[in-house]
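# Residue-level structure breakdown
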Amino acid sequence: MATYHGKNAAVYLAGASGAAVLITEAAEWSLDVDHDLEPDSSFGDIWETKLGGLFRWSGGVNGNFDTATAGVTLFDSAIAATSRALYLYPDRAVTANYYYGNVWPKLGIGMPMGRGTFALTFDGDGQLYRQV
């Protein structure tokens, strides 16, 4: 197993053409995996027990605003009528290790006096896969 430094991470998101495009100015990504928990206790129990239910995943990508990716690819994906393919690489040099699935993206753009930024959050649409 290897420990990764985030400097070589990468994010690809399918744009209007359906082809996955590198989000060149991405500076951070996160991934959260969760599932439903339903109480399963009955009379006489002194500790709560639970049943695991449906899985879900979500996350986000933040970075510097640029007209090529944030202005076109991310915007087109955020207003698409269908979910889009997403690929998250901890290290772009290790192309056999990544997470992927379809997402429903939501886009936020900030344009302060300094550097412009984007924030893309997403909810998974179906299963999250891990390639190792």
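The preceding data block contains the structure.
These lines cover the structure that appears in this document, whether it is placed above or below.

Reading the values: the criteria
- Residues numbered from 1 in each chain as written.
- Predicted model: local features only at pLDDT ≥ 70, side-chain atom pairs only at ≥ 80, totals over all residues.
- Heavy atoms only, no water.
- Helix = DSSP H or I, 4+ residues; strand = E, 2+ residues; numbered from the N terminus.
- Rg over C-alpha atoms; globule rule 2.2 N^0.38 Å.
- Buried < 20%, exposed > 50% of the residue type's maximum accessible area, 1.4 Å probe, protein only.
- Contact = heavy atoms within 4.5 Å.
- Areas by Shrake-Rupley, 256 points an atom, 1.4 Å probe, with all protein chains shown as cover.
- Arc of directions from axis to C-beta.
- Pairing = 2+ DSSP bridges.
- Salt bridge = Lys/Arg side-chain N within 4 Å of Asp/Glu carboxyl O.
- Core = buried A, V, L, I, M, F, W, Y, C linked by side-chain atoms within 4.5 Å.
- Phe/Tyr/Trp six-rings, centres within 6.5 Å; stacked < 30°, edge-to-face > 60°.

### Focus on the overall build of the protein
Summing up its helical and strand segments, the protein has 1 helix and 8 strands in all. In sequence order, the secondary structure elements of the protein are arranged as β-β-β-β-α-β-β-β-β. Taking 14 Å as the expected radius of gyration for a compact globule of 132 residues, we find that the protein reaches 18 Å, considerably beyond that expectation. If you line up the protein on its principal axes, its C-alpha atoms span 60 × 35 × 30 Å. The proportion of buried residues among the 132 residues of the protein is 27%. Within the protein, contacts between residues at least 6 apart in sequence are counted, and of these 61% link residues at least 24 apart. Of the roughly 8400 Å² of accessible surface on the protein, a fraction of 55% belongs to carbon and sulfur atoms.

### Re helix H1 (residues 69-78)
Residues of H1 that are buried include every one of Thr69, Ala70, Thr73, Leu74 and Ser77, and no others. Projection of H1 onto a plane perpendicular to its axis shows the buried side chains occupying an angular sector of 110 degrees, all on one side. The elements touched by buried residues of H1 are strand E1 (10-14), strand E2 (20-22), strand E5 (84-89), strand E6 (98-110) and strand E7 (117-124).

### Section: the pairing of E6
Summarising the sheet, E5 and E6 pair through 5 bridges and their orientation is antiparallel. Looking at the pairing, Arg84 lines up with Val103 of E6. Bridging between E6 and strand E8 (residues 129-131) involves 3 bridges; their strand directions are antiparallel. Within E8, the position partnered with Tyr99 by the bridge is Arg130.

### Some points on the pattern of salt bridges
Considering all chains together, one arrives at 4 salt bridges under this definition. Asp36 is the salt-bridge partner of Arg56, the closest N and O atoms lying 2.6 Å from each other. With Arg56 in strand E4 (residues 50-64) and Asp36 in strand E3 (residues 26-39), the pair connects residues that are 20 residues apart, well separated along the chain. Residue Asp123 pairs with Lys106 through a salt bridge whose shortest N-O separation is 2.6 Å. Placement of Asp123 in strand E7 and of Lys106 in strand E6 is noted, with a sequence separation of 17 residues between them.

### A closer look at the nonpolar core
Core analysis: the largest hydrophobic core is formed by 13 residues, its most contacted members being Leu13, Leu74, Leu86, Phe118 and Phe122. Contributing elements (two or more residues each) for this core: E1, E4, H1, E5 and E7. A per-element tally of this core places E7 first, with 3 residues.

### Looking at the side chain of Thr73
Topologically, Thr73 is positioned in helix H1. With near-sequence residues (within four places) excluded, Thr73 lies in contact with Leu13, Gly15, Val21, Ile23 and Ala68.

### Considerations on the packing of aromatic side chains
Inspection of the entire model under this criterion finds 8 aromatic pairs. With 6.1 Å between their ring centres and 65 degrees between their planes, Trp57 and Phe122 make a pair best called edge-to-face. Here Phe122 lies in strand E7 and Trp57 lies in strand E4, a separation of 65 residues in the sequence. You'll find Trp57 and Phe122 in the same group, each marked buried. Here Tyr87 and Tyr98 contribute two aromatic rings whose centre-to-centre distance is 6.1 Å and whose plane-to-plane angle is 55 degrees, an arrangement assigned as tilted. Of this pair, Tyr87 sits in strand E5 while Tyr98 sits in strand E6, and the two are 11 residues apart along the sequence. Since its relative accessible area comes to 15%, Tyr98 is described here as buried. Site record: aromatic cluster; members linked through ring pairs are Tyr12, Tyr87, Tyr89, Tyr98, Tyr100 and Tyr129.

Purely geometric stuff here, so don't read any function into it on its own.
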